[in-house]
Amino acid sequence: MIDYFKYVWTWFYTILIGMRVTLKHLFAKKVTIQYPNERYPIPPIARNRLQLDPDRCNGCMQCSRICPVQCITVETLKVVPTDPEKPRMFDGTPRKIWVPRYDIDFAKCCFCGLCTTVCPTEAIKHTTDFEYSSYTREDLIYHFSDMSPEKVEEKKNLLAEWTAKEKAAKAKQESEVSSKEVN
Amino acid sequence: MTTRKILDIDFSRIDTDRMRLNVGPQHPSTHGVLRLEVELDGEVVTNVIPHIGYLHRCFEKIAENMNYQQVIPYVDRMDYISSMNNELPYVIAVEKLLGLKVPEKVEYIRVIMAELNRIANHQIAIATFGLDAGAFTPFLYLFRDREYILWIFEKATGGRLLFNYFWVGGLANDVYPTFKEDVLNIVKQVRKTNKDIEELLIYNKIFIDRTANIGVLPADVAINYGCSGPMLRGSGVPFDLRKAEPYSIYDRFDFEIPVGKGEVGTVGDCWDRNIVRMREIEQSCRIIEQAIAQMPDTGDVQSAIPKKVRPPKGEVYFRCENPKGELGFYIISDGKDKPYRVKGRAPSFVNLSVLPEISRGYLFADLIVILGSIDIVLGEIDR
Amino acid sequence: METFNVFDVLLGNNFLSALISVVLPLVFLVIYALIAILGELKISAWIQERLGPMRTGPYGILQPLAEVIKLIQKEDIVPAGANKLLFNLAPYIIFAGSFAGFAVIPFTAAFVPAEINIGLFYVFAVGAFAVIGIVMGGWASNNKYSLLGAMRSASQMISYEIPGALVILSAAVLANTLDMQKITSLQEGGFWNWFLFGGPGGFSKIWILPFTLLLSLIYMIASLAETNRTPFDIPEGESELVAGYHTEYSGMKFAMFFFAEYSNMFIVAAILSIVFLGGWTSPFGSFMSGYWWGIFWFVSKAMFIVFIQIWLRWTLPRVRVDQLMYLGWKILLPFALVCFVIISLYRIIY
Ligand code: SF4
Ligand code: SF4
């Protein structure tokens, strides 16, 4: 009998305690905010969308190799020494490799940050931008290369020309060598 | 079949048709994509068959094609609620293979981060457990606090849930200057909320009625099934890897192992499992405070990171006390820069296996509570 | 104060006055439901340290309107395996049942839609309609969760009618009438005359004062169960039964269930405030009392009880089915019986 009344009393009493807690919170300061109008500050270290600085990228492909989900696609072209443009990197050193294609598929990216740590020139960086949803998956593939298709075509031709020339020169040299040997 | 007396009626004597009920994969309280095939006799559960595999991502196979560093983001995604604690056994295992010793400061930061993440994990566990019992408000109080912890993570590591922060031999980056103050503030806040939660939920009579004497898991059954973590400790077995075989620098801290004592019901019921989590939060706070006090201010967190992780031939099994239980990694190296085999021993998977055993004979509403008290994460079960 | 129906007096006892008497509560119900939904949203948000809806209108006060419009626009889905007739009928029955209760609620001394002398009994009788509707809806949905929810709901509502009815019976014994207007009139003259504090009478009412307090508490708890509110929202227990008996409903029919729930909340709050809190009478004697003030007092008392219902909902976990029955039969019922006996004795003695 005593147990019964005790049971009823704890039932009632703990409910009152709970109500006191919620009443206290009813008048507490609210913690949520009006999201798109107000935002919490995002620390600069936060790993959100990636951004490539094409000027800095030297096409070493380290990032695409380390990426655990293979979402970075890099294509490179050698810069011919005879290039009339004399391309330069961000710090003025001559560029050795063109990067005609540098695509990141953000639908796959897991924001692990490995690509940014291996990059020797800090060309690829995380930004604090996290609002870039889109309607199609294609829109999530970002093309970072700053080379226009014409330019790529031109550089390809240049390279082809140059390699052909080199080959010819090499062949000539070789034939000279072999002819020497014959002699 | 174990039967339980409800309102003094022995339900096994009443012969009724069994009903088969599919709970999930889309159901509000299966904690992800778990499907439970429940056999009901009226409202009494006679059998449960969990069906898993909806979130299978081939973690172990993928890991064979990755080098050691690249596996870490995958490890994060096993138990996505306590990623730091997942990374810890993995990196320590690889360090053991390599025979590496990490700097003091790294150890301290690892411990602080792991314990913070343990708090965050237990907060979610208690919150969703309350939600399963029908209390919505504690859920949001706990999530608010967890958010503060996640902010610290974001500021320190750049990620909110999936950190890729512990690297083999060190950390991805050093913590920020005001890290210590922030962590101490969080500890204060966590303790304050714990008090609220105790008043609002834990010691509420309705909640006690819902969870005490429900899903009783005796200690021997728990050991036989290989349960670990709060599941095991809730049954009164004081087994904690941080004490039993101290790894990292856990032997330097003074803390207790809370166990279920059956304060309001039987030892090993749902309430006990929950209160163990509640008290572990407090113990984690203590560890954090000690670690913050002892942590050296200076030191390079990356000095021991090897240029190339290429362990010699060999194998290693290393286990840590994950918030959910014993998380172990078995790694075989054949001397290349990719592991030959990585096997994860997922605590949630083992803990879930005991569900049919402990939920037979209880009501359907209890089944949900029992499932909530196990604290599973499907990412870890399916891997 | 003299009680009458103002429309009967103005227009005579004819069809027009009856029509107005019916439509007015409906208008009131709609407005009240919108306010209550907003209250539910906002109070739950504030308790949980959230802001709640903020976008629709200033501080989100138009949110319930937006939700109603959304629900009306939604596709009305009838499951293929459902029993069409019962499935479509169920929400209307529930709503009709709860709306019928409004017929005898005295809003003020000068307005009660239908003045019948067994008002309290009538409210209980039509309240039972909801059980039929819920079982119909749950069974017709052809969904196991719905069926479980409906069965639970039926057993729960029937069990809790009994302690609730005992409380009302005690009050009727004390007031010597079942007419809501008369019960209210009895409590005129200040809050110490409320039945919450033993009702009108001399110093001797001190004997029954604890019991009337207890009775109102019992009714409060029983009414929560009857309206399927937390901690007794087992029929729609989200974590187990998804949404219980209205799992399969969508669009306007779901809105009907929703409206019915809120109107039920108001009816039980109204009964509580009429029987125990003096309905439209002013708590301060003749100060601030009158026909217009009557509406104010009645509505604010009822709304306060609705607020408590909402407050409890966001505080407590849900009880389990067998515990609910335990609470109903083994705790509330004995307590209510004891109170009933004591109050009857008091009536005989004094
Ligand atoms: S952040 Fe990780 S997943 Fe994303 S592109 Fe970089 S390496 Fe790949
Ligand atoms: S982004 Fe960095 S790592 Fe990647 S190709 Fe360019 S320079 Fe190399």
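Before reading further, recall that the structure is shown in the block above.
Given the structure is predicted, the values throughout are model-derived calculations rather than measurements.

### Quick word on the overall build of chain C
Stage number 1. Of the regular secondary structure elements, chain C holds 13 helices and zero strands.
Stage number 2. Reading the secondary structure of chain C in the N-to-C direction produces α-α-α-α-α-α-α-α-α-α-α-α-α.
Stage number 3. Taken along its principal axes, the extent of the C-alpha atoms in chain C is 65 × 50 × 45 Å.
Stage number 4. Of all intrachain contacts in chain C linking residues separated by at least 6 positions in sequence, the fraction that spans at least 24 positions is 75%.
Stage number 5. Taken as a whole, chain C presents about 13,800 Å² of accessible surface, with 75% of it coming from carbon and sulfur.

### What about the interface of chain A and chain C?
Stage number 1. Listed by partner, the interface residues are 23 residues for chain A and 24 residues for chain C.
Stage number 2. Taken over both partners, the interface formed by chain A and chain C buries close to 2,000 Å², and the fraction arising from carbon and sulfur atoms is 72%.
Stage number 3. Counting the contacts that link chain A with chain C gives zero salt bridges.
Stage number 4. For the pair chain A and chain C, the interface holds nine residue pairs in polar contact (both at pLDDT 80 or more).

### As for the interface of chain B and chain C
Stage number 1. Each partner contributes to the interface: chain B provides 37 residues, whereas chain C provides 27 residues.
Stage number 2. Both faces combined, the contact of chain B with chain C buries some 2,600 Å², and carbon together with sulfur accounts for 60% of it.
Stage number 3. Viewed at the interface, chain C and chain B are joined by two salt bridges.
Stage number 4. Between Asp366(B) and Arg320(C) there is a salt bridge, and its shortest N-O distance comes to 2.9 Å.
Stage number 5. Contributions of two or more residues to the side of chain B that touches chain C are made by β3 (18–23), α4 (104–132), α5 (137–157), α6 (179–202), α7 (205–211) and α14 (364–374) of chain B.
Stage number 6. Per element, the largest residue contribution to the side of chain B that touches chain C is five residues, and it comes from β3(B).
Stage number 7. Of the residues assigned to the side of chain B that touches chain C, the class counts are 22 nonpolar, six polar and nine charged.

### Side note on the site of ligand 1
Stage number 1. Ligand 1 sits among Leu50(A), Cys67(A), Pro68(A), Val69(A), Cys71(A), Ile72(A), Cys109(A), Cys110(A), Phe111(A), Cys112(A), Gly113(A) and Cys115(A).
Stage number 2. Tallied by class, residues from the shell around ligand 1 come to 11 nonpolar, one polar and no charged.

### Observations concerning α14(B)
Residues and elements named next belong to chain B.
Stage number 1. Within α14, 11 of the 11 residues are buried, which leaves the element mostly enclosed by the surrounding structure.
Stage number 2. Within α14, the full set of buried residues consists of Phe364, Ala365, Asp366, Leu367, Ile368, Val369, Ile370, Leu371, Gly372, Ser373 and Ile374.
Stage number 3. Taken from the residues just after α14, Asp375 is the one with a positive phi, measuring 60°.

### Some remarks on the sheet that holds strand β5 (residues 141–143) of chain A
All names here are of chain A.
Stage number 1. The strand order across the open sheet formed by three strands is β2-β3-β5, and the pairing between neighbours is antiparallel. Both outer strands of the open sheet, β2 (72–78) and β5, are each paired with one neighbouring strand and no more. When strand polarity is set aside, the average angle formed by the axes of neighbouring strands in this sheet is 15°.

Scoring rules and cut-offs
- Residues numbered from 1 in each chain as written.
- Chains lettered and ligands numbered in written order.
- Predicted model: local features only at pLDDT ≥ 70, side-chain atom pairs only at ≥ 80, totals over all residues.
- Heavy atoms only, no water.
- Helix = DSSP H or I, 4+ residues; strand = E, 2+ residues; numbered from the N terminus.
- Contact = heavy atoms within 4.5 Å.
- Areas by Shrake-Rupley, 256 points an atom, 1.4 Å probe, with all protein chains shown as cover.
- Buried area = accessible area lost by both parts, 1.4 Å probe.
- Salt bridge = Lys/Arg side-chain N within 4 Å of Asp/Glu carboxyl O.
- Polar contact = N/O pair within 3.5 Å; in protein donor to acceptor, adjacent residues only side chain to side chain.
- Nonpolar A, V, L, I, M, F, W, Y, C, P; charged D, E, K, R; others polar.
- Near = heavy atom within 4 Å.
- Buried < 20%, exposed > 50% of the residue type's maximum accessible area, 1.4 Å probe, protein only.
- Pairing = 2+ DSSP bridges.
- Axes fitted to C-alpha atoms, helices over the stretch in contact; angles between N-to-C directions.

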